[in-house]
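Listed below are the residues making up each chain.
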Amino acid sequence: MAEIRIENVRKEFGKVVAVRDVSLVIPDREFIVLLGPSGCGKTTLLRCIAGLEQVDGGRIYFGGRDVTDLPVRQRRISMVFQSYAVFPHMTVFENIAFGLRMQHKPDAEVKRRTQAAAELLHIEELLERYPAQLSGGQRQRVAVARAIAYDADVLLMDEPLSNLDALLRLEMRAELKRLLEELKTTVVYVTHDQVEALSLGDRIAVMRSGEILQVDAPITVYDRPAAHFVGSFIGNPPMNFLPAQAVDGGAAVAVEGTWLALPDESARGLQRTGAAEVWLGIRAENIEPSGEPASAALPGRILVAEPLGSHILLTVRVGSALVKVNARADASFRADQEVWLKLNADKVRLFDKTTGRAL
Amino acid sequence: MTTRPAPPLSRRIGRGLVYLAAILIGLYIVIPIYLVAVMAFSPRAVVYAYPKPLLPTQVTLETMLFFLNSYGILDSVKNSVLVAVFTLAISLAIGAPAGYALARYIFPGGDIYRILILSTRAFPVVILSIPLITTYISWGLDDTTLGVALLHTAMALPTTILVTSSIFVGVSKDLEEAAMTMGCTRAGAFRRVALPLALPGLAASAIFTFVLSWNEVFGAAILTVQNQTLPARLIVQLNQSPIPFRFAGGFFILVPALVFMLFVRRYLFSLWGVKLR
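Thresholds, definitions, all that
Residues numbered from 1 in each chain as written. Chains lettered and ligands numbered in written order. Predicted model: local features only at pLDDT ≥ 70, side-chain atom pairs only at ≥ 80, totals over all residues. Helix = DSSP H or I, 4+ residues; strand = E, 2+ residues; numbered from the N terminus. Buried ≥ 20, exposed ≤ 12 C-beta atoms within 10 Å, placed from the backbone. Contact = placed C-beta atoms within 7 Å. Core = buried A, V, L, I, M, F, W, Y, C linked by C-beta atoms within 7 Å. Pairing = 2+ DSSP bridges. Axes fitted to C-alpha atoms, helices over the stretch in contact; angles between N-to-C directions. Nonpolar A, V, L, I, M, F, W, Y, C, P; charged D, E, K, R; others polar. pLDDT = per-residue confidence, 0-100.

Novice: Run through the overall build of chain A, naming residues and quoting values.
Specialist: Of the regular secondary structure elements, chain A holds 9 helices and 20 strands. Within chain A, the proportion of its 359 residues that are buried is 44%. For chain A, restricting intrachain contacts to residue pairs at least 6 apart in sequence, the fraction spanning at least 24 positions comes to 64%.

Novice: Explain the nonpolar core to me, and be specific about the residues and the numbers.
Specialist: Residues Ala145(A), Leu156(A), Val188(A), Val278(A) and Leu280(A) are the most contacted members of the largest nonpolar core, which totals 155 residues. Sorting elements by how many residues they give to this core places helix H9 (residues 186-215) of chain B first, with 13 residues. With near-sequence residues (within four places) excluded, Ala145(A) lies in contact with Ile96(A), Ala117(A), Ala118(A), Leu120(A), Leu121(A) and Ile123(A). If you look at the next biggest cluster of nonpolar residues, it comprises 11 residues, including Val38(B), Phe41(B), Ala248(B) and Phe251(B).

Novice: Lay out the sheet that holds strand S15 (residues 287-290) of chain A in plain terms, naming residues and giving numbers.
Specialist: Residue and element names in this part refer to chain A. Taken in spatial order, the 5 strands line up as S15-S19-S16-S17-S18 in an open sheet, and their pairing is antiparallel. Looking along the sheet, the strands with just one partner apiece sit at the ends: S15 and strand S18 (321-328). Taken pair by pair, the neighbouring strands of this sheet meet at an average axis angle of 45°, ignoring direction. Taken together, the 6 bridges between strand S16 (residues 298-307) and strand S17 (residues 311-318) define a ladder with antiparallel strand orientation. Paired with Pro 307 across the bridge in S17 is Ile 312.

Novice: I'd like to hear about the interface of chain A and chain B, residue by residue, with values.
Specialist: Contact residues are listed per partner, giving 17 residues for chain A and 14 residues for chain B. Listing elements by their share of the side of chain A that touches chain B, those giving two or more residues are strand S6 (77-80) and helix H2 (92-102) of chain A. Here the residues of the side of chain A that touches chain B sort into 11 nonpolar, 5 polar and 1 charged.

Novice: Tell me about the environment of Val304(A), residues and numbers included.
Specialist: Residues and elements named next belong to chain A. Structurally, the position occupied by Val 304 is in strand S16. The class of Val 304 is exposed, set by 12 C-beta atoms lying within 10 Å. Once the C-alpha coordinates of Val 304 and Ala 85 are considered, the two residues, 219 residues apart in sequence, prove to be 45 Å apart. Those residues in contact with Val 304 that sit more than four places away from it in its chain are Thr 315 and Ala 335.

Novice: Explain the sheet that holds strand S11 (residues 240-247) of chain A to me, using residue names and the numbers behind them.
Specialist: Residue and element names in this part refer to chain A. Reading across the sheet, the 5 strands line up as S13-S12-S11-S14-S20 and stay open at both edges, with antiparallel pairing between neighbours. Across the chains shown, the open sheet's two edge strands, defined by having one partner strand only, are strand S13 (258-261) and strand S20 (349-352). Within this sheet the neighbouring strands show an average axis-to-axis angle of 40°, counted without direction. Pairing between strand S14 (residues 277-282) and S20: 4 bridges, direction antiparallel. Within the sheet, the bridge partner assigned to Gly 281 lies in S20 and is Arg 349. Relative to the sheet, helix H9 (residues 264-273) contacts S11, S14 and S20, its axis offset from that of S20 by approximately 15°.

Novice: Outline the confidence of the model for chain B, supporting the account with residue identities and numerical values.
Specialist: All names here are of chain B. Mean pLDDT over chain B: 84, with 94% of residues reaching 70 or higher. Across chain B, helix H8 (residues 173-181) holds the top mean pLDDT of 94, while helix H12 (residues 243-271) sits lowest at 77. Low pLDDT, under 50, characterises residues 272-277; the stretch is placed with 6 contacts to residues that sit more than four places away or in other chains. We note a pTM of 0.81 for the whole complex and an ipTM of 0.85 for its interfaces.

Novice: Please provide a residue-by-residue account of the pairing of strand S12 (residues 252-255) of chain A, values included.
Specialist: All names here are of chain A. Covered by surrounding structure in S12 are Val 253 and Val 255 only, the residues Ala 252 and Ala 254 on the alternate face being uncovered. As defined by bridge partners, S11 adjoins S12 across 3 bridges and the pair is classed as antiparallel. Bridge assignment links Gln 245 to a residue of S12, and that residue is Ala 254. Counting the residues in the hairpin turn of S11 and S12 gives 4 residues, including Asp 248, whose phi is positive at 55°. Counting the residues that bridge the hairpin from S12 to S13 gives 2 residues, and of these Glu 256 lies at a positive phi of roughly 50°.

Here it is, written out as structure tokens:
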């Protein structure tokens, strides 16, 4: 158990900068998720923490201990690999016991702790089997049991659920969450699945092109994305973005000619930058559609209405932009119908048109 | 479900032809081996008889023993085994690390290295024979088992390197990294994880090298005078030998290759990247 402190870590592969001077402090016992599209550098950052990659710059500390130049085995980490990396030539028992054996623990302790780890993952019946005799889900459990069987300061997980089928993934996700809450260890979890990130993490670090764009609690990342990219990557459907102009000295914005008054905070942000053109971001559930014209509502036309059970997902054309809107399940919206969209001003986020940063 | 409809006639004929071709090729290889084996275990009178019987009528070890007890044969068998074991040991000691490096690391010139390895096989030993023998004489390696083993190593290395590299490619890098996260050194991870998993393939590659050395004639014949390997001795002796001797010699030298095929059949495919397991 330890705090992880990452200072200006840089990793290059030839001319490609995989991790660009990233700094991040992960407090002891926190479950942090590194989230981003493939190629964003999240796995490379994880491997730098593990010591499987040598950093090209910066330092990494575990609880004040500088581990930057330590080999993997001296960092006191455990890791779950995307491919599980369960040893095919060893039984499940020997797989789980491997870390304990490497620490030369007495036989009785190895046996006890291996058994305990297996029970936590509900695989105590499989201890005598070889990995080839297990299903993918069972192998995944072996990989997790192996990682938690011995004492490590830090638990690293590299897309552990991505090779499971959808149903198993849901089940395992819930189980992992319960398990890791009990373990109270520092966890760094890499995924490209935003739902996984939202459901598991104490905090989420959203990465793109080797940089961390935002580190916040899941609900903050969802509600108040720090960048255009974060809003478009997280949430299903992703955040809507509409081109808007600053009007009324920055106290309001105009979208397709309709004026929207801004709450004080957004207005201050807009006035501070003095930008004339911005992106207005708003999530589907923060837009209220209506069949009747109303003041400060954007007129549009419904292209598609998809009943999803809990709600109806509308795709609405507003000017040249397409907007996703959640309507109540009992509402009667049809395609080709005219609709007026009322945006919840408190939930509106404004983004700089060039940098993509939130104002 | 009803029974599956039979495949169309043309498909069935096509498949029949494939099997027919396979059987013919198989017979082409098996029949001579079979006849040699029958003769090698028949008494002398039967071997000299004409026409020769297609089925073994009287089985005896007489002919084989006659061959093995002939002057110099056992010595050359011993030389052959020594040369093959040396070759195997040296080529694995050099080839396996090289194969591992090719499998695990991306380094400048890696692809060229691969091609260079193969291109060494483009030089026929016949062309190299004169420079080779003069070099060996000046180094004092001529007519020694070590000398022959070194030549065989040079011949075996390309296959050893490429084969071991494909074996190690088959052992996921994640496995070694997982071992390292759990407290293994780089070498420890190799020894505890990569090596045990590669072992069957490495054994197959070793047997391959062994048989290559066992069967190699030309190099062994030009490099040795007194300390001949079995093929080198047979190539000199067979033409002047009685027929039973030829059959027995032929059979004796055939056997290791046959046994080898039985053992490594399923690895031969994985050697070239096709996985059977």
